[in-house]
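Remarks on the overall topology
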Amino acid sequence: MSNQDNSHDPPYHVAIVGSGPSGFYAAEALLRSDLDVRVSMIERLPTPYGLVRSGVAPDHPKLKQSILVYDKIARHENFNFLGNVELGRDVSIADLQATHHAVVLACGAHADRRMDIPGEDLEGSHTATEFVGWYNGHPDYRDKKFDLSQEVAVVVGQGNVAADVVRILAKPVDELRHTDITEHALEALAQSKIREIHILGRRGPAQAKFTAKELRELGSITNTNASVNAQECVLNDQSKIELEAKTNTNAVKNLETFRGFAEQDTSVGRREIKFRFCLSPIALKGQERVQEILLARNRLEGPAFSQVAQSTDETETISCGLVFRSIGYRSVPLPGLPFDFSSGVLSNIEGRVVDGDQPLRGLYVTGWLKRGANGIIGTNRADSIETIKNLRADICDLTIETMPGIHGLLSILKESDVKKVTFSDWQKIDSAEIERGTAKGKPREKFTRIDEMLDQLDR
Amino acid sequence: MAHIVTDNCKLCRFTECVEICPVECFHADSEQLYIDPDVCVDCSACIPACPVNAIYEVIDMPDDKTPWIAINVERSRALPVISEKQDPLPTAEEHRAKLGF
Ligand SMILES: Cc1cc2nc3c(=O)[nH]c(=O)nc-3n(C[C@H](O)[C@H](O)[C@H](O)COP(=O)(O)OP(=O)(O)OC[C@H]3O[C@@H](n4cnc5c(N)ncnc54)[C@H](O)[C@@H]3O)c2cc1C
Ligand SMILES: NC(=O)c1ccc[n+]([C@@H]2O[C@H](COP(=O)([O-])OP(=O)(O)OC[C@H]3O[C@@H](n4cnc5c(N)ncnc54)[C@H](OP(=O)(O)O)[C@@H]3O)[C@@H](O)[C@H]2O)c1
């Protein structure tokens, strides 16, 4: 902490809601600033790290190493973590504002988007959100059931989440056994009869959102053949323009990969991944459960880089027993705060929460809740740096009152029977998970129920 | 498969990559940036952030750029971490145009 003029003043207290990447990078930016600041982070689960724990795929352990950075932030003397405390359930915005000079909302975007088509809620139709949460041990999805005795699955959407879903469905289960995938998912996947996975894009191969690396990986899964429909890989003029842009290297790499898939021998492989393009689901059909998906063929319209899918009269049906929609996440409105429904974010200007164009005093937002459900872990670092820069600029004007910070919050929580989880409590849960994993040759075996997590604290 | 900063960064040094890195693996001298391959988690966030395509994942690197693998290892170890964006070099815009971006 630097010796600035106000170093003799009482410290500023900032509450951060949510312990995903954006919350931790906001804490980092605050603790590195010239302010004498105390950070209180609250998290609705007993476990920190948001989607790095419950989203990032179990077979991508390297990407989870950002946790080492968060762990270091959490050990800072001016940082406090309170898990199992939910904004809206255990504390209100008013509580946080009564105890802290500023509040940074970093709650992410955990709800799913809907296709809004008939049959969407038939048995066998799921969201990627549920499937990912289930195999990664998020307590909200612990008891979901997926009928993996089906032979054909359709995944709607061509982003990196769809790639994760397809990979986990296609990979031989033995290659997942030494990851931190949950035991219940391993057991179910070991019985999987899935033979064919269709992955549908509403636009063309040049517009697929996979990063090049994730797409390539889908072509190198053991005993699995990846193919594209060659006709659907023919590019229109606007897509050719898109590929010529010097900065569009990801799409160029993806196209090379798709063309390689087209040339692969399709006779080998226990499982098939079939990439399909320019198709939009218009209905899911079946008696009691999904039996087929009805698709409309699309035409791309509009100029390069803003081409949209326009459905034609041509249709096609794929028989399938499982459908996963992976068409993006969305945030949910927070009670009493302005929400921008058109972009699915908390209304804000560069991280300052606004009502119309009026900033709401002391309220900030970052991460997926600020900009929508896009971008990878690192994107949230730049995003939080921006938010905290604005908070830093405002904070001296906010108030000169002394605030109780975490102690004030703890007295509010004392009145309810919520069992708070401190960072050292989390470390106990963490050690217990690692210990359970070691026996099985896994980096950890996650607890998947909140009770089980809290039980560790009484030991 | 680590990520590598190559010569396109020279005379530009836009530093857009630095704040988007989740693990602060960039190091810098006054000329350009380098990635510490032992810290990089291979998330590729920095690749599209660079205005002049200076960053490659090793697997995608053109053959003539391979000497940069060793240079990144060596320089990153010798230099301090850069974790905040800085102003680009005065030559940056001119060089960007020359590189065709
Ligand atoms: C399936 C999936 C896989 C991904 N894989 C990768 C990957 O491999 N590599 C990569 O770079 N990026 C990946 N991403 C993207 C990355 O996870 C996100 O960019 C990042 O997690 C967004 O950070 P966030 O902090 O805004 O949200 P989150 O990570 O969602 O964190 C929000 C936190 O807030 C908490 N919270 C929510 N509401 C409340 C409340 N009311 N009170 C208290 N706490 C609350 C949540 O429990 C959560 O812990 C993936 C995303 C998904 C969905
Ligand atoms: N390994 C990793 O690095 C990793 C892993 C997982 C997630 N992430 C990141 O997390 C973020 C979220 O990923 P995501 O996959 O959920 O989102 P995404 O990248 O935005 O992909 C969403 C996909 O759904 C399609 N879609 C949207 N609405 C649709 C509709 N109504 N009908 C049919 N298709 C529709 C989109 O097509 P259009 O293009 O036509 O809109 C797109 O193909 C991304 O930034 C992603 O990169 C990263």
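All of these numbers come straight from a predicted model, not from anything done at the bench.

Next up on the list: the nonpolar core. Counting residues in hydrophobic clusters, the biggest one holds 64 residues, and the most contacted among them are A:I16, A:Y70, A:F79, A:L391, B:F26 and B:I55. Per-element accounting of this core gives the leading share, seven residues, to helix 1 (residues 21–32) of chain A. Not counting chain neighbours up to four residues away, the residues in contact with B:I55 comprise B:H3, B:I4, B:V5, B:C17, B:F26, B:I35, B:C46, B:I47 and B:C50. If you look at the next biggest cluster of nonpolar residues, it comprises 49 residues, including A:A170, A:A251, A:F277 and A:Y329.

This part takes up the sheet that holds strand 12 (residues 292–301) of chain A. Residues and elements named next belong to chain A. Spatially, the three strands line up as an open sheet ordered 11-12-13, and their pairing is antiparallel. At either end of the open sheet lies a strand with only one pairing partner, and these are strand 11 (279–285) and strand 13 (308–319). Along the sheet, successive strands turn relative to each other by an average axial angle of 25°, direction set aside. Summarising the sheet, strand 11 and strand 12 pair through six bridges and their orientation is antiparallel.

The next subject is the state of the cysteines. By definition, a disulfide is the covalent link that joins the sulfur atoms of two cysteine residues. Residue and element names in this part refer to chain B. Counted by the stated rule, this structure contains zero disulfides over all chains. A disulfide-free cysteine, C43 has its sulfur positioned 6.4 Å from the sulfur of C46, the nearest such atom. We classify C46 as buried; its relative accessible area is 9%.

Residue and element names in this part refer to chain B. Over its twelve residues, helix 3 (residues 67–78) runs 17 Å from end to end, which matches the ideal 16 Å to within 8%, given 1.5 Å per residue. Buried within helix 3 are the following residues: W68, N72 and S76. In an axial view of helix 3, the angular spread of the buried residues amounts to 60°, which keeps them on one side of the axis. In helix 3, the exposed residues that point more than 90 degrees away from the buried face are E74, R77 and A78. Where helix 3 is buried, its residues touch strand 1 (3–5), strand 2 (26–28) and strand 3 (33–35).

Residue and element names in this part refer to chain A. When its domains are assigned, chain A resolves into domain 1 (12–110 + 331–421) and domain 2 (113–329). The straight-line distance from the C-alpha centre of domain 1 to that of domain 2 is 33 Å. Contact with domain 1, which involves 15 residues of that partner, is made by 20 residues of domain 2. Here domain 1 meets domain 2 over a buried area of about 1400 Å², counting both sides, of which 50% is carbon and sulfur. For domain 1, the biggest contributors to the area lost against domain 2 are S54, P58 and D59; these three give 37% of the whole. Put simply, domain 1 and domain 2 have four salt bridges between them. Close ionic contact of K171 with D59 constitutes a salt bridge, the shortest N to O distance being 2.8 Å. Along the lines of polarity and charge, the residues of the side of domain 1 that touches domain 2 split into seven nonpolar, four polar and four charged.

Moving on, we come to the interface of chain B and chain A. Residue-level contacts link 22 residues of chain B with 21 residues of chain A. Regarding the contact of chain B and chain A, the summed buried area is about 1800 Å², with carbon and sulfur atoms giving 50% of it. Of all residues in chain B, the largest losses of buried area upon contact with chain A belong to B:E19, B:P22 and B:V41, amounting jointly to 28% of the total for that side. Where chain B meets chain A, there are six salt bridges. The closest approach of N and O atoms between B:D60 and A:K253, which form a salt bridge, is 3.2 Å. Across the chain B-chain A interface, the total number found is 14 residue pairs in polar contact (both at pLDDT 80 or more). The dominant element in the side of chain B that touches chain A, judged by the number of residues it contributes, is helix 1 (residues 16–20) of chain B, at three residues. Across the side of chain B that touches chain A, the residue classes break down as twelve nonpolar, five polar and five charged.

All names here are of chain A. The seven strands lie next to each other as 3-2-1-4-20-19-18, forming an open sheet whose pairing is mixed. The outermost strands of the open sheet, each flanked by one partner alone, are strand 3 (79–82) and strand 18 (348–349). Direction of pairing for strand 2 (residues 37–42) relative to strand 3: parallel, over a ladder of four bridges. Residue pairing across strands places V39 opposite F79, the latter belonging to strand 3. Strands strand 1 (12–17), strand 2, strand 3 and strand 4 (102–105) of the sheet are contacted by helix 1, whose axis makes an angle of about 170° with strand 2.

All names here are of chain A. Neighbouring ligand 1 are 29 residues; S22, E43, W368, G375 and I377 lie closest to it. Between R44 and ligand 1, the recorded distance is 3.1 Å, taken from a backbone N or O atom to a nitrogen atom. At a separation of 2.8 Å, an oxygen atom of ligand 1 approaches a polar backbone atom of I377. When isolated, ligand 1 has an accessible area of 1000 Å², and the protein chains bury 93% of it. Every element with two or more residues in the shell around ligand 1 is listed here: helix 1, helix 2 (50–54) and helix 6 (160–170).

All names here are of chain A. Two numbers describe how helix 1 lies on helix 3 (residues 66–74): the axes approach to 10 Å, and their chain directions differ by 45°. Classified by the angle between their axes, helix 1 and helix 3 sit oblique to one another. Helix 3 is crossed by helix 1, and the crossing has left-handed handedness. Listed contacts from helix 3 to P21, F24, Y25, A27, E28 and L31 of helix 1 are S66, V69, Y70, I73 and A74.

Residue and element names in this part refer to chain A. What surrounds ligand 2 is a group of 19 residues, the closest being Q158, N160, R202, R203 and G375. R203 is positioned such that a nitrogen or oxygen atom in its side chain is 2.8 Å from an oxygen atom of ligand 2. Residue E214 places a side-chain N or O atom 3.4 Å away from a nitrogen atom belonging to ligand 2. Summarising the interface, the protein chains cover 81% of the accessible area of ligand 2, which totals 920 Å² for the free molecule. In terms of residue count, helix 6 provides more of the shell around ligand 2 than any other element does, three residues in total. Its residues assigned to classes, the shell around ligand 2 comprises six nonpolar, eight polar and five charged. Shared between two domains, the shell around ligand 2 takes at least three residues from each, and those domains are domain 1 (12–110 + 331–421) and domain 2 (113–329).

Analysis parameters
- Residues numbered from 1 in each chain as written.
- Chains lettered and ligands numbered in written order.
- Predicted model: local features only at pLDDT ≥ 70, side-chain atom pairs only at ≥ 80, totals over all residues.
- Heavy atoms only, no water.
- Core = buried A, V, L, I, M, F, W, Y, C linked by side-chain atoms within 4.5 Å.
- Buried < 20%, exposed > 50% of the residue type's maximum accessible area, 1.4 Å probe, protein only.
- Helix = DSSP H or I, 4+ residues; strand = E, 2+ residues; numbered from the N terminus.
- Contact = heavy atoms within 4.5 Å.
- Pairing = 2+ DSSP bridges.
- Axes fitted to C-alpha atoms, helices over the stretch in contact; angles between N-to-C directions.
- Disulfide = S-S within 2.5 Å.
- Expected span 1.5 Å × (residues − 1).
- Arc of directions from axis to C-beta.
- Domains from an automatic or database assignment.
- Buried area = accessible area lost by both parts, 1.4 Å probe.
- Salt bridge = Lys/Arg side-chain N within 4 Å of Asp/Glu carboxyl O.
- Nonpolar A, V, L, I, M, F, W, Y, C, P; charged D, E, K, R; others polar.
- Polar contact = N/O pair within 3.5 Å; in protein donor to acceptor, adjacent residues only side chain to side chain.
- Near = heavy atom within 4 Å.
- Areas by Shrake-Rupley, 256 points an atom, 1.4 Å probe, with all protein chains shown as cover.
- Parallel < 35°, antiparallel > 145°, perpendicular 65-115°, else oblique.
- Left-handed = near helix turned anticlockwise from the far one by under 90°.

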